[in-house]
Amino acid sequence: MKIFVMACAQFALLFFVGCSSSLIKPPNMSDARSAVVSVAGAQVKAPYKYGGADHYGFDASGLVYFSYKQSNFEIPRDAEGQLRAAQAIPFYEVKPADLLFYRLTEKQSGTADGLHVGIYVGSGQMVHAPLGRDKVVLESIDTPYWLQRLVVAAKILP
C-alpha cells in the first residue's frame, strides 16, 4: 500500500509540475488564473527566504505577491493585506489561483499574527513557501494538518 501511495504521489507531482516545473492548465481555467498558477508552479523548489519575494527566495506572502505581480496584478505584499484585498469564498468553491489562509503559531509562520497563505493550484494541491522547509513546495491541502488550520479561502480574481 505504501508503494502505491508513493507512486500516486510521484505521478501527481509529475502531472502537475512536469519537467519544466509549470503546472498544467485545466481546460476551464481563465487566462488570468492560469498565469498565476503557472508563475507559482515555476517557483516550486525555489529557496525559502524570510521576507523574500523574488527568485532569490520567497516567504509565503512573498510567493503570492510575486505570482500575482508577474501575472500583471498588483496585490498587497503581506498576508494580512492579501486577506483584506481578497473576497472570502466557501472552501468548496475554491478554484486555481485562489488563496488559502491558515492560522499557525508565530514560530511556525514566522509572523506575529501567525497567518500563512498558499495558492491553490487545483486537484487538492497548493503551492506555498512554508517556514519550516527550505524551499517552495507543492503540497496537498487535504491533510489533517492543513484542514485543521484553515481560516478562509479567498479569491482575488473573478
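All residue numbers refer to position in the chain's written sequence, counted from 1. The predicted nature of this model means local features are confined to residues of pLDDT at least 70 and side-chain atom pairs, given and counted, to a pLDDT of 80 or more, with totals for whole chains, interfaces and linings taken over all residues. With hydrogens and water stripped out, all remaining heavy atoms of the structure feed into the side-chain values.

(A) Quick look at helix α2 (residues 31-42). Each helix corresponds to a stretch of at least 4 residues labelled H or I by DSSP, and each strand to a stretch of at least 2 residues labelled E; elements are numbered beginning at the N terminus. Multiply 1.5 Å by the residue count of a helix minus one, and that product is the helix's expected span. The end-to-end C-alpha distance of α2, which contains twelve residues, comes to 16 Å, matching closely the 16 Å that a straight helix rising 1.5 Å per residue would cover. We call a residue buried when its accessible area falls under 20% of the maximum for its residue type, exposed when it is over 50%, and partly exposed in between, using a 1.4 Å probe and counting protein chains only. Of the residues making up α2, those classed as buried are R33, S34, V36, V37, V39, A40 and G41.

(B) Main features of the packing of aromatic side chains. Note on ring pairs: Phe, Tyr and Trp rings are taken, using the six-membered ring of Trp, and paired if centres are within 6.5 Å. Classes follow the plane angle, with under 30 degrees stacked, over 60 edge-to-face and the rest tilted. In this structure the tally under the stated criterion is four aromatic pairs. A centroid spacing of 5.1 Å and a plane angle of 65° characterise the contact between F58 and F66, whose relative ring orientation is edge-to-face. F58 gets classed as buried once you look at its relative accessible area, which sits at 0%. The exposure class assigned to F66 is buried, which follows from its relative accessible area of 7%. Where Y145 meets W146, the ring centres are 4.9 Å apart and the plane angle is 90°; that geometry is what we call edge-to-face.

(C) Molecular detail of helix α3 (residues 60-69). A large share of α3 lies buried, amounting to nine of its ten residues. Within the sequence span of α3, burial applies to A60, S61, G62, L63, V64, Y65, F66, S67 and Y68.

(D) Unusual backbone geometry, seen in detail. Although it is not a glycine, A97 sits at a positive phi angle of roughly 85°. Inspection of the secondary structure puts A97 in the loop between β3 (87-89) and β4 (99-103). Located in the positive-phi region is S123, a residue other than glycine, with phi close to 50°. Checked against the element boundaries, S123 lands in the loop between β5 (115-122) and β6 (125-128).

These results come straight from atomic positions and should not be treated as a statement about function.
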